Amino acid sequence: MPSRAAALAGSLPEAAVLAVLRTALQEDAPSGDITSQVLIPAQARATAVLNARVPGVLSGGEVFAAAMKLTDPGAVVELLVTDGEAFAAGTALARVTGNARDVLLAERVALNLVQRMSAIATKTAEFVALVAGTGARITDTRKTTPGLRVLERYAVRCGGGANHRFSLSDAVLAKDNHLAVLTGGDPAKLTAVLRGAKAQLGHTTHFEVEVDTMEQIEPVLAAGVDTIMLDNFSLAELAAGVGLVGGRARVEASGNVNLSTVADIAATGVDVISIGALTHSVTALDLGLDIELDVEPAVDSGAGPAAG
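Residues numbered from 1 in each chain as written. Predicted model: local features only at pLDDT ≥ 70, side-chain atom pairs only at ≥ 80, totals over all residues. Heavy atoms only, no water.

Draft legend 1. Structural context of the packing of aromatic side chains. For the structure shown, the criterion picks out zero aromatic pairs. When the ring centre of Phe166 is taken as origin, the NZ or CZ atom of Arg149, which lies over that ring, is 5.9 Å away. (Phe/Tyr/Trp six-rings, centres within 6.5 Å; stacked < 30°, edge-to-face > 60°. Lys NZ or Arg CZ within 6 Å of the ring centre and 35° of its normal.)

Draft legend 2. Up close: the sheet that holds strand β8 (residues 207-211). With respect to topology, six strands assemble into an open sheet ordered β6-β11-β10-β9-β8-β7, the strand pairing being parallel. Only two strands of the sheet have a single neighbouring strand rather than two, namely β6 (137-139) and β7 (172-174). Going across the sheet, the axis of each strand differs from the next one's by a mean of 25°, ignoring polarity. In terms of strand pairing, β7 meets β8 through three bridges, oriented parallel. Residue Ala174 lies in a different strand from β8, and its bridge partner there is Val209. (Pairing = 2+ DSSP bridges. Helix = DSSP H or I, 4+ residues; strand = E, 2+ residues; numbered from the N terminus. Axes fitted to C-alpha atoms, helices over the stretch in contact; angles between N-to-C directions.)

Draft legend 3. View of helix α2 (residues 14-28). End to end, α2 covers 21 Å across 15 residues, agreeing with the expected 21 Å (1.5 Å per residue, within 8%). Within α2, the full set of buried residues consists of Val17, Leu18, Val20, Leu21, Ala24 and Leu25. Here the buried residues of α2 occupy an arc of 160° about the axis, which is enough to place them on one side. Of the residues in α2, the exposed ones pointing more than 90 degrees away from the buried face are Ala15, Thr23 and Glu27. Looking at the buried positions of α2, the neighbouring elements they touch are α4 (61-71), α5 (100-130) and α6 (149-158). (Expected span 1.5 Å × (residues − 1). Buried < 20%, exposed > 50% of the residue type's maximum accessible area, 1.4 Å probe, protein only. Arc of directions from axis to C-beta. Contact = heavy atoms within 4.5 Å.)

Draft legend 4. View of the pattern of salt bridges. Under the criterion given, the structure shown has seven salt bridges. A salt bridge links Glu210 to Lys175; its shortest N-O distance comes to 4.0 Å. Of this pair, Glu210 sits in strand β8 while Lys175 sits in the loop between β7 and α7 (176-183), and the two are 35 residues apart along the sequence. Classification of Glu210 as buried rests on a relative accessible area of 5%. Note that Arg248 is salt-bridged to Glu218, the shortest N-O span being 2.9 Å. (Salt bridge = Lys/Arg side-chain N within 4 Å of Asp/Glu carboxyl O.)

Draft legend 5. View of empty space enclosed by the protein. On inspection of all chains with the given rule, the structure shows one cavity of 30 Å³ or more. Of the voids in this model, the largest cavity is the one considered here, and its volume is about 30 Å³. As for the largest cavity, its lining consists of Leu230, Phe233, Leu238, Ala253, Ser254, Gly255, Val257 and Ile265. Residue classes in the lining of the largest cavity are distributed as six nonpolar, two polar and no charged. (1 Å grid on protein atoms, 1.4 Å probe; cavity = no way out; pocket = protein on both sides within 12 Å on 5 of 7 lines; lining within 4 Å. Points joined across faces, edges and corners; volume = space filled by probe spheres on them. Nonpolar A, V, L, I, M, F, W, Y, C, P; charged D, E, K, R; others polar.)

Draft legend 6. Local environment of the packing of α5 against α6. As a packed pair, α5 and α6 sit with axes 7 Å apart at the nearest point and diverge in direction by 40°. Considered as vectors, α5 and α6 are oriented oblique to each other. As for how α5 packs across α6, the hand of that crossing is right-handed. On α6, the residues that touch Leu113, Arg116, Met117, Ile120, Ala121 and Thr124 of α5 are Leu151, Glu152, Tyr154, Ala155, Val156 and Cys158. (Parallel < 35°, antiparallel > 145°, perpendicular 65-115°, else oblique. Left-handed = near helix turned anticlockwise from the far one by under 90°.)

Any link to function would need more than the numbers given here.
So this is what it looks like as structure tokens:
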């Protein structure tokens, strides 16, 4: 089995990263950083170190580097810890040397993203550790920050988790609202409705159906679905549901999943545990960028923005 670092290599599209960074930098400094322009000499150089204030799992090292190079193409960025690697409090994670104004211009965008991504990776790693040895896979959901899904999904992988469908275009996931509209709440209609839907799909399209009662399981399975999601089932119901499915489909558990419950959920024999909290409610990891000018600031008549 390849290492996590090997599995992650090349899996974060550069074009997507640059699109996020350009949008974020335009938002943060639409007309430049006037504070640095009036305080920092134009030719001043700086060295900045990304330091961990708390332990965690890194995600976003390449994003941090790309942000720095976007503002200063000549910046030298050294990544001291690899994405997916655990670190202790006090660890130096990355070092950048470049134009001081440009380092400061990129600082907040780079920090915001690497802090959020590392928080997601760290939280995911906690869940993954709790289900070790059970065969259950920890996955994310579509409850991501709009515009940042590609980064947040990558962060989940850095923590050892897996990704659910990326978007509504990738797979069929019939949820309770879909089924209520189609069947009027009558489980007897489920099989025919789902078979009709499946007949419209190509053979490679994954078909998953969410159920919220035991009575729905057999009619859904009879339609030949790939995955059945047991939503907000009790532990006893999950175990019974896994037994009822009997390997005829992959079983996913969803709802009421937290660090206190996930091990017991995994022990019921489910194949997948999806957790929206991996991305929708994490708190940014405490990382800091410590910056030092490499030269003493000098009087620079061109330091300020043009008048007018």
